[in-house]
Amino acid sequence: ALAEIAGENVHCIVESAPIPNSPRRGFGFAAAVCSIVGLLALSAAFTGATAFRSAMPHIAAFAVPPMALSGSTVQAEYEASGAGRLAYRVNAPDGRLLQGGTLTDRAGAIPIAIPASSNPGAYTLQMTMQGPLGDAKEVRVLNTVASKASAGAQIANVQVSPVVAKPGQPVDVAYAASGDGGYVRLTSADGTIWAQKPFSRAGATSFVVPSVAHTDQMRVVLHVTKGRSTAESSAGFIVAGAPTATAASTVNDDAASAGGANGTFAVMTPSVPSGGTIHLNVLSPRDHMHLALVDGSTEISSIDVGSDAGIVTLKAPAVKVPTKYTVVANFTDGFGQESIVEPVTVRP
């Protein structure tokens, strides 16, 4: 007797022992039947285990922007699988429920409207899946930056990671802004546009660093429009290994004396000791310009300057390890608000 079992991930052949005489025929047949039944049981158990795993609640992805401008709308993207009830909730900084509900689709995006506020805050986003085979839960925190009273285009923050990248390496751009349209550009120090992507309320995009032979600095420029108003801000990063060591030194010396690439202000001391002084050269003074040393969305030290500003200073914090900060210049230019960002390192 020969039995073959074939199925998904299963292929078995069972053959009974030879039957020498009629008295033992029943025993041989019974042994073959037992083997077949055993293999069928194993196949059923394997199929059952696979079905059990696929039915268990699982949240594969739950992504939200790291930062957003209060008064804007962000998208929380998700993907889940398994049997159960999928739901989400958004809690405001004071703990009250902002929005929530049950999700029928196992993948998609949830629009979350952040209320306008003059204070920064941290919103808690929670996604749960409850089923007969267990529960799954994911929690994310969305930090918001205070919005100004103006209803026009606004940019609160632009960050590039990493701040030192090699040609061919991807860089991630995270920003918090409010607007109806705009773009994000990757530019070199001479103004050459290497790549451009549309503005997204999700507050994130990425670029691949091109092979640049004559510069060691690049910038990401965020331009946002809303009605007739515009806002623009930028953040710089270093391209490692682009020029030679001598050329890089010359570029840095020229930037310190000529004011760097942004034309508004220059960080004269790009690396300062812990608790030291950061010297800034204001190249294009404007009335009511606000210069601040920023860690994420927190101002560490700041100064307001006027149209007669020249060399100004900011106080560096005390650190125990080398820490990257940014110097941000905020001012109003024409119909829009503009922000210029330059990196600075504080060392122990």
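Just above sits the structure.
Because the structure is predicted, anything quoted here is derived from the model rather than measured.

## Quick notes on unusual backbone geometry
At step 1: In this chain, serine 161 is followed by proline 162 through a cis amide linkage whose omega measures 0 degrees.
At step 2: Relative to the elements of secondary structure, proline 162 occurs in the loop between strand S11 (154–161) and strand S12 (164–165).

## Overview of the pairing of strand S10 (residues 134–145)
At step 1: Relative to S10, strand S4 (residues 67–69) runs parallel, the two being bridged by three bridges. Paired with leucine 69 across the two strands is valine 145, which belongs to S10.
At step 2: Counted between consecutive antiparallel strands, the loop separating strand S9 (residues 121–131) from S10 contains two residues.

## What about the packing of aromatic side chains?
At step 1: Inspection of the entire model under this criterion finds one aromatic pair.
At step 2: Taking 5.8 Å as the distance between ring centres and 35 degrees as the angle between the ring planes, the aromatic pair formed by tyrosine 175 and phenylalanine 199 counts as tilted. Placement of tyrosine 175 in strand S13 (residues 170–178) and of phenylalanine 199 in the loop between strand S15 (193–198) and strand S16 (204–208) is noted, with a sequence separation of 24 residues between them. Accessibility classification places tyrosine 175 together with phenylalanine 199 in one group, the buried group.

## Here's the deal with the sheet that holds S16
At step 1: What the three strands build is an open sheet, ordered S11-S13-S16; its pairing is antiparallel. Among the strands making up the open sheet, the edge pair consists of S11 and S16. Across this sheet, the average inter-strand angle for adjacent strands is 20 degrees, counted without regard to direction.
At step 2: Looking at chain direction, S13 and S16 are connected through five bridges and run antiparallel.

## Observations concerning the environment of valine 344
At step 1: Tracing the chain through its elements places valine 344 in strand S26 (residues 336–347).
At step 2: Given a relative accessible area of 1%, valine 344 falls into the buried group.
At step 3: For the pair valine 344 and proline 270, spaced 74 residues apart in the sequence, the C-alpha separation amounts to 4.8 Å.
At step 4: The contacts of valine 344, once residues within four sequence positions are left out, are Val267, Thr269, Pro270, Ile278, Leu293, Thr323, Lys324, Tyr325, Thr326 and Val327.

Thresholds, definitions, all that
- Residues numbered from 1 in each chain as written.
- Predicted model: local features only at pLDDT ≥ 70, side-chain atom pairs only at ≥ 80, totals over all residues.
- Heavy atoms only, no water.
- Helix = DSSP H or I, 4+ residues; strand = E, 2+ residues; numbered from the N terminus.
- Pairing = 2+ DSSP bridges.
- Phe/Tyr/Trp six-rings, centres within 6.5 Å; stacked < 30°, edge-to-face > 60°.
- Buried < 20%, exposed > 50% of the residue type's maximum accessible area, 1.4 Å probe, protein only.
- Axes fitted to C-alpha atoms, helices over the stretch in contact; angles between N-to-C directions.
- Contact = heavy atoms within 4.5 Å.

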